[in-house]
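Results of the structural survey
Chain by chain, the residues run as shown.
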Amino acid sequence: MSREYLFHPPGAETSAKPKFDAETEEEHSHEKWIENLRERVIAIYPELEDIDLSVLFLDPKNHEQDIRGSHMVPDSEETHGINIDMGGELQLKLAKAKRPVSVEIAAKLIGIAPEHLTSEVFNTFVFLHEYGHAHDFVTHYQNAEESKSLSTNQIADIWRNEYTQYRSKLPIPNMGTSELIETLSKQSLLEFLKTRPVTSARLKTANLKTAQEVINAQDAAYRSMPAEKYADEFAASFIKKHLPEIVEDTEKSR
Ligand SMILES: [Zn+2]
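This is a predicted model, so every value here is computed, not measured.

What counts and how
- Residues numbered from 1 in each chain as written.
- Predicted model: local features only at pLDDT ≥ 70, side-chain atom pairs only at ≥ 80, totals over all residues.
- pLDDT = per-residue confidence, 0-100.
- Contact = placed C-beta atoms within 7 Å.
- Core = buried A, V, L, I, M, F, W, Y, C linked by C-beta atoms within 7 Å.
- Buried ≥ 20, exposed ≤ 12 C-beta atoms within 10 Å, placed from the backbone.
- Helix = DSSP H or I, 4+ residues; strand = E, 2+ residues; numbered from the N terminus.
- Domains from an automatic or database assignment.
- Axes fitted to C-alpha atoms, helices over the stretch in contact; angles between N-to-C directions.
- Parallel < 35°, antiparallel > 145°, perpendicular 65-115°, else oblique.
- Left-handed = near helix turned anticlockwise from the far one by under 90°.
- Nonpolar A, V, L, I, M, F, W, Y, C, P; charged D, E, K, R; others polar.

**Re the confidence of the model for the protein**
When pLDDT is averaged across the protein, the result is 89; 91% of the residues are at 70 or more. Segment residues 10-20: pLDDT under 50, and 13 contacts once partners within four positions in sequence are set aside and those in other chains are kept.

Laid out in structure tokens, this is it:
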């Protein structure tokens, strides 16, 4: 069973408080864990209080989905929000198999060996990474001096344009790692490259032969994009500073 936990910012129409629909004791403790984590972030970064947070707890037996997150910039269509799919050891294993580079970078930034990375710490990292994106947007775009005369839509456009430019320079241009993994799970690398002669030639020069090699190269390049680096570093420095409290919270959630 997968369940959703939602936090809507104050004043949002749907609900002004976290929505609880936990049924089991385990689910209650997971929600408490997320709430504590969120409160720790807000205590230090009150400017992130209005971020809409949606958490999906994956079924511990789910073999399909791995631990992941996403961040939406606010515009007239969308509120500023974060989505996180949280999981257990099986979902961490899946993340390690699919995106080994991302998991290794996370472990390295936190300062632990990848084999010592638990699902709790990785969930926390993903959670904080998305808050890092939100912090970057609020600080460097929304509250920037040069944004004063701009509408929310215009600010969102600036952010999207910059992000799109960096994505266009990736080994497989204009694709995130997750999208590439998804695509290459449905077709072979050979098939995929048939319609992309320029990319194909570039991969040959870089001596990238297998789908996993291409995914790893894409992931490494993706993680060195300025926005992703910022979010990773935000997460790692938060974890390093607050490790005792984070461990205490996660132990309570077991
Ligand atoms: Zn990111």
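Having seen the model, we can carry on.
**Examining the nonpolar core**
By size, the foremost hydrophobic cluster in this structure holds 41 residues, and its most contacted members are Phe122, Phe125, Leu128, Tyr131, Ala235 and Ile239. Elements with a minimum of two residues in this core: α1 (25-44), β2 (52-57), β4 (81-86), α2 (89-98), α3 (100-110), α4 (119-142), α5 (152-167) and α10 (226-252). Ranked by residue count, the leading element in this core is α4, at nine residues. If sequence neighbours within four positions are ignored, Ala235 has contacts with Phe125, Leu128, His129 and Gly132. In terms of nonpolar packing, the next biggest core, distinct from the first, is built from six residues, Leu170, Ile172, Val214 and Ile215 among them.

**Side note on the domain arrangement of the protein**
Taken domain by domain, the protein consists of domain 1 (3-170 + 225-244) and domain 2 (171-224). Distance between the C-alpha centres of domain 1 and domain 2: 25 Å. On the side of domain 2, 16 residues touch domain 1, which itself brings 15 residues to the contact. Secondary structure elements with two or more residues in the side of domain 1 that touches domain 2: α3 and α10.

**A word on the packing of α3 against α10**
The geometry of α3 relative to α10 is characterised by a closest axis approach of 9 Å and an angle of 45 degrees between their N-to-C directions. Considering the angle they form, α3 stands oblique to α10. Here α3 and α10 pass one another in a crossing that is right-handed. Contact with α3, carried on its side by Ile105, Leu109 and Ile110, involves Asp232, Glu233, Ala236, Ile239 and Lys240 of α10 and no other residues of that element. Residues that form the contact of α3 with α10 fall into these classes: five nonpolar, no polar and three charged.

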